[in-house]
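Chains, contacts and geometry: an overview
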Amino acid sequence: MDDLIFSINKIQDQLKCLSKKLVDLPQIVVVGSQSSGKSSVLESLVRRSFLPRGTGMVTRCPLILRLVNCPRGDKLRENRGVFSDEWGEFDEEETTFKIDEIKSEIERRTAVLAGEKKNISSKPIVLKIFSPNVLTLTLVDLPGITKVAVDDQPEDIENQIVELIYKFIKNPKSIILAVVTANTDMATHECLKMARDVDPEGERTLAVLTKLDLMDKGTNATDILTGRCIPVKLGIIGVVNRSQKDIEDRKSIKDAIYDEEDFLQETYPSLAHINGTAYLAKRLQTLLINHINTCLPDIRASLEQRLKECKDTLKKYGERIDNSTCFHYLISAVVQLYKEKMKGECVDTESTSMLLKGEAKIGDLFEECEKSLESLKPWEKYWHDRVLLTIKQTSGPEKPLFITSDSAFKVLMKPLISTVREPSEKCVTQVATEMYAIFTESIKEHFDEHYSNRFPLALKEISELVGQIIVNLTNKTMNHINEAIAIEEGHITHRHLRGTVGNFELLWKRDEDFAKLNPFPKGDINVGLTCSMSERKEVRRVGYMLQVYYKAVANRIADTVAKATMTYMVHGLHKDMQPQLASQLGGRVKELLREDETTAVKRSQKEKELIAIQNSLQELDALNLEVSKKIDSY
């Protein structure tokens, strides 16, 4: 089941390039005090000397050690183009190192990460060792716990190391390999205390008891090895390391393991089969494989959850947009959405608003304008004495014989025509406001859905340009309507008054109430004016004619307002908006679509994260398929 370990290693490689840890992965974490024998334990598992040695702190970076069982004749050797029995590789580099070269390379990489002095770094060194003499296994070696800063180490070196160790062992999916010495008091071992802090029940802690051969005469480690002293459920395994003299004498690890076996058989015959380096390697591999099997469902669930979160975040950031084609699509989509909203083709049926929008509201504005224009009555504009005075003044020395003076009618009519200007302009202004409101709603909706807050300059420039287009179209419409009003004021015709005098005479004779009614207020002039019956009739006739003619003018202007507004503004914006946006802003695409640097960096990070997660899930799928095939073959 080496495939399990290989798959977890590949997933770890996929995720290690990310800025933050996405999921907790199963791993064996080696912790212990300085000079507790951690390096000797690791070298015994590899059966070769490959780690830097010296006084004080030697391990200053996490070392992720991946042991790969690679028998002679294995295809892996052919794929790597390596024909020596053993070799090493660092990280994802293709360069291979002989076992004898690994030590100096670790020292070089440590100096790069942690500096030349005795500082530490949390950035790991990843080392793979391929050999026919190892069991496939992955371990993380951490700096040894120290109490006192030496040389140029910072005063808080102990806290830095402790924080680094906790960072790894608090992972609930990690197995803690606590290395303690047999010739010291178990209660004084800091690594056991730290293990208990994160694993109170000892369910994922395995203790390795080193230096069994250095215990005081007359004492032995039976109580410790049988679990009576250290409460860890994964067991306690005793080993015998090479001494410093053995190292200086170049005693091989192979010979040291033979000596270890002899020592265990002689000193702990009943426990020899469950202690020693060989048993430790098998036990670690079994624990790691079982632990990975147990954690696989959680790993998959975590990765799938992260995948969903990653996709949601990328959707919020939006796709990369950096060319004119995308810009033209952007403005085309906004224009299309605006047209649909104006025509009521995308009504929100769940909205609680009861207000009309778009062209439906514009239709209402036209009706309001028409009602406002038609609501004016001549007698609301003039007083009785004012009308009488105008008739008399425009008649000259002789009173009119049969019909009201044409001059008096025109003098009184022109101010009435001028009153249509205000409601007409108000209607046009309200239509412009509604058009811009619909556009603002459209562009905001489109940007929120597709671009979030990525392109504030594009949003601002497009909105301002469309606002200016609407202003220009509004001015054009206003000019047309004011010209129509000026034409009405400039020449008053009699066409609408044909038959008016005759109708008035009939009403005057047949309808007593009509004849008696004088709708004009009595007076507003501080001059005494006498008013005969014929003059009263004349005033009444003028009012009647003014009303008939004004109604005709109001109808014409209301019609002009609606036609000009729809032609120049509504249809004009539909026709001109996209071409003008493209022509005036098309040359500034890079500037307009330059997003915030932070957003670009975050998107790039999330894209890397997405690829890493997808590759990790594919690795798990391939692993499940391989396991299923093996089960079916049994």
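Residues numbered from 1 in each chain as written. Predicted model: local features only at pLDDT ≥ 70, side-chain atom pairs only at ≥ 80, totals over all residues. Heavy atoms only, no water.

This next bit is on the packing of aromatic side chains. By the definition in use, this model includes 4 aromatic pairs. On the basis of an interplanar angle of 90° and a centroid distance of 5.2 Å, the ring pair of Phe90 and Phe97 is categorised as edge-to-face. For the pair Phe90 and Phe97, one class covers both residues: buried. With centroids separated by 6.4 Å and ring planes inclined at 65°, the aromatic side chains of Phe263 and Tyr268 adopt a geometry described as edge-to-face. With relative accessibility at 4%, the residue Tyr268 sits in the buried group. (Phe/Tyr/Trp six-rings, centres within 6.5 Å; stacked < 30°, edge-to-face > 60°. Buried < 20%, exposed > 50% of the residue type's maximum accessible area, 1.4 Å probe, protein only.)

Turning next to the pairing of strand S5 (residues 125-131). Look at any regular strand and the pattern is simple: side chains alternate between the two faces of the sheet. Most of S5 is tucked away: 7 of the 7 residues are buried. Bridge count between strand S2 (residues 63-69) and S5: 7 bridges; the pairing is parallel. Among the inter-strand pairings, Leu67 is bridged to a residue of S5, identified as Ile129. Where strand S3 (residues 87-90) and S5 come together, 4 bridges link them in antiparallel fashion. Its bridge partner being in S5, Glu89 is matched across the sheet by Lys128. (Helix = DSSP H or I, 4+ residues; strand = E, 2+ residues; numbered from the N terminus. Pairing = 2+ DSSP bridges.)

Further remarks concern the packing of helix H12 (residues 358-374) against helix H16 (residues 421-450). At a minimum axis distance of 9 Å, the contact between H12 and H16 shows a crossing angle of 170°. In terms of orientation, H12 and H16 fall into the roughly antiparallel class. Contacts between H12 and H16 involve Gly358, Lys361, Ile362, Leu365, Phe366, Cys369, Ser372 and Leu373 on the former and, on the latter, Pro423, Ser424, Cys427, Gln430, Val431, Glu434, Met435 and Ile438. Looking at the contact of H12 with H16 residue by residue, the classes come out as 10 nonpolar, 4 polar and 2 charged. (Axes fitted to C-alpha atoms, helices over the stretch in contact; angles between N-to-C directions. Parallel < 35°, antiparallel > 145°, perpendicular 65-115°, else oblique. Contact = heavy atoms within 4.5 Å. Nonpolar A, V, L, I, M, F, W, Y, C, P; charged D, E, K, R; others polar.)

A few words now on the sheet that holds S2. Sheet architecture is open: 9 strands sit in the order S4-S3-S5-S2-S6-S1-S7-S8-S9, paired in mixed fashion. In the strand order of this sheet, the two ends are held by strand S4 (96-97) and strand S9 (236-238), each with one partner. This element, helix H5 (residues 157-169), spans strand S1 (27-32), strand S6 (137-141) and strand S7 (174-181) of the sheet and lies at about 155° to S1. Its contacts with the sheet put helix H6 (residues 190-198) on S1, S7 and strand S8 (205-210), and the angle it makes with S7 is roughly 155°.

Okay, the pattern of salt bridges next. Tallied over the full model, the rule gives 28 salt bridges. Residues Glu461 and Arg588 are paired through a salt bridge, measuring 3.3 Å at the closest nitrogen-oxygen approach. A residue pair is termed long-range when its members are at least 10 positions apart, and Glu461 in helix H17 (residues 456-490) and Arg588 in the loop between helix H20 (533-585) and helix H21 (589-592) qualify at 127 residues. Under the relative-accessibility criterion, Glu461 is labelled buried at 17%. A single salt-bridge network, built from bridges that share partners, covers Lys460, Glu461, Glu464, Arg588 and Glu591. (Salt bridge = Lys/Arg side-chain N within 4 Å of Asp/Glu carboxyl O.)

With that settled, consider H12. With 17 residues, H12 ought to run about 24 Å at 1.5 Å a step, and its terminal C-alpha atoms sit 25 Å apart, in line with that. Inspection of H12 places Gly358, Ile362, Leu365, Phe366, Cys369 and Leu373 among the buried residues, and these make up the whole buried set. Viewed along the axis of H12, the buried residues span an arc of 105°, placing them on a single side of the element. (Expected span 1.5 Å × (residues − 1). Arc of directions from axis to C-beta.)

What follows covers the confidence of the model for the protein. For the protein, per-residue confidence averages 81 on the pLDDT scale, and 82% of positions sit at 70 or higher. When the elements of the protein are averaged for pLDDT, helix H19 (residues 512-516) gives the smallest value, 51, and H17 the largest, 93. Note that residues 629-634 has pLDDT below 50 and, in this model, 1 contact with residues that lie over four places away or in other chains. (pLDDT = per-residue confidence, 0-100.)

Structurally, Gln305 can be placed in helix H10 (residues 277-317). In terms of polar contacts, Gln305 uses its side chain to reach the side chain of Glu309, at 3.0 Å. (Polar contact = N/O pair within 3.5 Å; in protein donor to acceptor, adjacent residues only side chain to side chain.)

To continue, consider helix H15 (residues 406-418). Across its 13 residues, H15 extends 19 Å between first and last C-alpha, which sits within 8% of the 18 Å expected from 1.5 Å per residue. Along H15, the residues that are buried comprise Ala408, Phe409, Leu412, Met413, Leu416 and Ile417.

Our focus in this paragraph is the environment of Gln468. Looking at the secondary structure, you find Gln468 in helix H17. Taking C-alpha positions, Gln468 is 10.0 Å from Tyr436, a pair spaced 32 residues apart along the chain.

With 5 of 5 residues buried, S6 is to be regarded as a mostly interior element. Of the two faces of S6, the one holding Leu137, Leu139 and Asp141 and the one holding Thr138 and Val140 are both buried throughout. Bridging between S1 and S6 involves 3 bridges; their strand directions are parallel. Considered in S6, the bridge of Ile28 is made with Leu139. Sheet topology note: the S2/S6 ladder contains 5 bridges and is antiparallel. In the strand pairing of S6, Leu67 is matched with Leu137.

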